[in-house]
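# Structural characterization, general
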Amino acid sequence: MERCVYCLAEFDKLTTDHVIPRSWYPKTTPENLEKYQAPVCRECNNKYSRLEAELLTVFALCTPPETAATKGVVEPVMRSLKPQLASTDRERENRMKKIVKLQKNMRIYEDYKDIPHESVYPNFGIQHDLEYDQYDAVFLNKESLEIFLEKVIRGLTYRLNNKYIESSHEITIYPPSNDCEKIFEPILKKWGETFERGKGLTIIRALPPDDPVSSIWKIILWEQFVAYVVVSPIE
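What comes next is a walk through the structure.

Each value, and the rule that gives it
- Residues numbered from 1 in each chain as written.
- Predicted model: local features only at pLDDT ≥ 70, side-chain atom pairs only at ≥ 80, totals over all residues.
- Heavy atoms only, no water.
- 1 Å grid on protein atoms, 1.4 Å probe; cavity = no way out; pocket = protein on both sides within 12 Å on 5 of 7 lines; lining within 4 Å.
- Points joined across faces, edges and corners; volume = space filled by probe spheres on them.
- Helix = DSSP H or I, 4+ residues; strand = E, 2+ residues; numbered from the N terminus.
- Nonpolar A, V, L, I, M, F, W, Y, C, P; charged D, E, K, R; others polar.
- Phe/Tyr/Trp six-rings, centres within 6.5 Å; stacked < 30°, edge-to-face > 60°.
- Lys NZ or Arg CZ within 6 Å of the ring centre and 35° of its normal.
- Expected span 1.5 Å × (residues − 1).
- Buried < 20%, exposed > 50% of the residue type's maximum accessible area, 1.4 Å probe, protein only.
- Core = buried A, V, L, I, M, F, W, Y, C linked by side-chain atoms within 4.5 Å.
- Contact = heavy atoms within 4.5 Å.

### With respect to empty space enclosed by the protein
As enumerated under the stated definition, the model contains 1 cavity of 30 Å³ or more in all. For the largest cavity, the calculated volume is near 40 Å³. Take the lining of the largest cavity: its biggest share by element is 3 residues, from helix H1 (residues 42-60). Residue composition of the lining of the largest cavity, grouped by class: 6 nonpolar, 2 polar and no charged.

### Focus on the packing of aromatic side chains
Per the counting criterion, the structure on display carries 14 aromatic pairs. Both rings, one in Trp-24 and one in Trp-222, keep their centres 5.3 Å apart while their planes meet at 35°; by these two values the pair is tilted. Of this pair, Trp-24 sits in the loop between strand S3 (15-18) and strand S4 (37-40) while Trp-222 sits in the loop between strand S10 (215-221) and strand S11 (225-233), and the two are 198 residues apart along the sequence. Within the aromatic cluster, the residues linked to one another by ring pairs are Trp-24, Phe-59, Tyr-121, Phe-124, Phe-148, Trp-222 and Phe-225. The cationic tip of Lys-35 hangs over the ring face of Tyr-25; the distance from NZ or CZ to the ring centre is 5.3 Å.

### What about H1?
In a regular helix each residue adds 1.5 Å, so 19 residues correspond to 27 Å; H1 covers 27 Å between its end C-alpha atoms and thus fits that length. Listed in full, the buried residues belonging to H1 are Cys-44, Asn-45, Tyr-48, Leu-51, Glu-52, Leu-55, Leu-56, Thr-57, Val-58, Phe-59 and Ala-60.

### Section: unusual backbone geometry
For Leu-8, which is not glycine, the phi dihedral falls at a positive 70°. One can find Leu-8 in the loop between strand S1 (2-3) and strand S2 (10-11). Residue Leu-8 is classed as buried on the basis of its relative accessible area, which comes to 19%. Of note, Asn-162 is a non-glycine position whose phi angle comes to about 60°, a positive value. Along the chain, the position of Asn-162 falls in the loop between helix H4 (142-161) and strand S7 (169-174).

### Here we look at the nonpolar core
If you look at the biggest cluster of nonpolar residues, it comprises 46 residues, and the most contacted ones within it are Tyr-6, Trp-24, Leu-156 and Phe-225. Counting residues per element, this core draws most heavily on H1, which supplies 7 residues. If we ignore the near neighbours within four places in the chain, the residues touching Leu-156 are Val-19, Tyr-36, Asn-161, Ile-203, Trp-217 and Ile-219. Grouped together as the second largest cluster of nonpolar side chains are 8 residues, Cys-180, Phe-184, Leu-188 and Ile-204 included.

### A look at the layout of surface pockets
Of the pockets and cavities examined, the largest pocket occupies roughly 1200 Å³. If you go around the largest pocket, you meet 35 residues; those closest to its centre are Cys-62, Val-120, Phe-124, Gly-125 and Val-138. A total of 4 residues in the lining of the largest pocket trace back to one element, the largest contributor, which is strand S6 (residues 135-138). Volume-wise, the second largest pocket comes out at about 650 Å³. Looking at the second largest pocket, it is lined by 27 residues, and the ones nearest its centre are Leu-51, Glu-52, Ala-53, Glu-54 and Leu-55. Elements that contribute at least two residues to the lining of the second largest pocket include exactly S3, H1, helix H2 (74-80) and helix H3 (89-104). Grouping the amino acids of the lining of the second largest pocket by side-chain chemistry returns 11 nonpolar, 10 polar and 6 charged.

### A word on the environment of Met-96
Summarising the element assignment, Met-96 is placed in helix H3. Along the sequence, Met-96 and Leu-81 sit 15 residues apart, while their C-alpha atoms lie 7.7 Å from each other.

All quantities given are derived from atomic positions and should not be read as evidence of function.
Have a look at this one:
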């Protein structure tokens, strides 16, 4: 029997999942750079694949397309939203449904003062060097983001620490803020180990000397998205 890194259940046979999806790596990523993978069950693989596709669509709408950190990531997503580029009627219909779903998940602000800035994910606000006729906002599902980040940390803990995150530990997600930076950055600076995975992904991990599972992580995607993650024992 083999054990799924994500759900921890045992199976006769597992599949392989990219901890960070392959499509999230920019074209500037060196071809010979290892893209971390983990053994997972088919159900988890399929579930996270759907969730990651939805998250990437939202991120692509808010991410500059032609930087070294995003080149080749945004354009395929934007093309997948164009019904006129579909090769079949069914694909065209699916693209239309995706657009309708996105539109329901968006809000337009005519005035800068109306934007709920406290609810904007850090580094994904307006770009002050651009002029706007209106401000288009797309909602990022907090639960989906936390599920994705938990999956990533389970995969990285297995791949880098050679450990499973058991039910004895919990995973807590923290968006960047001044308070988080004051707490986590000194720890990561002093004890953190950095894993550079090309321009699109940076991982920083701090481990205590006596526990290879408890940890503090900083995940940076496309030099824009940042999240802190803490793995700690449940008391």
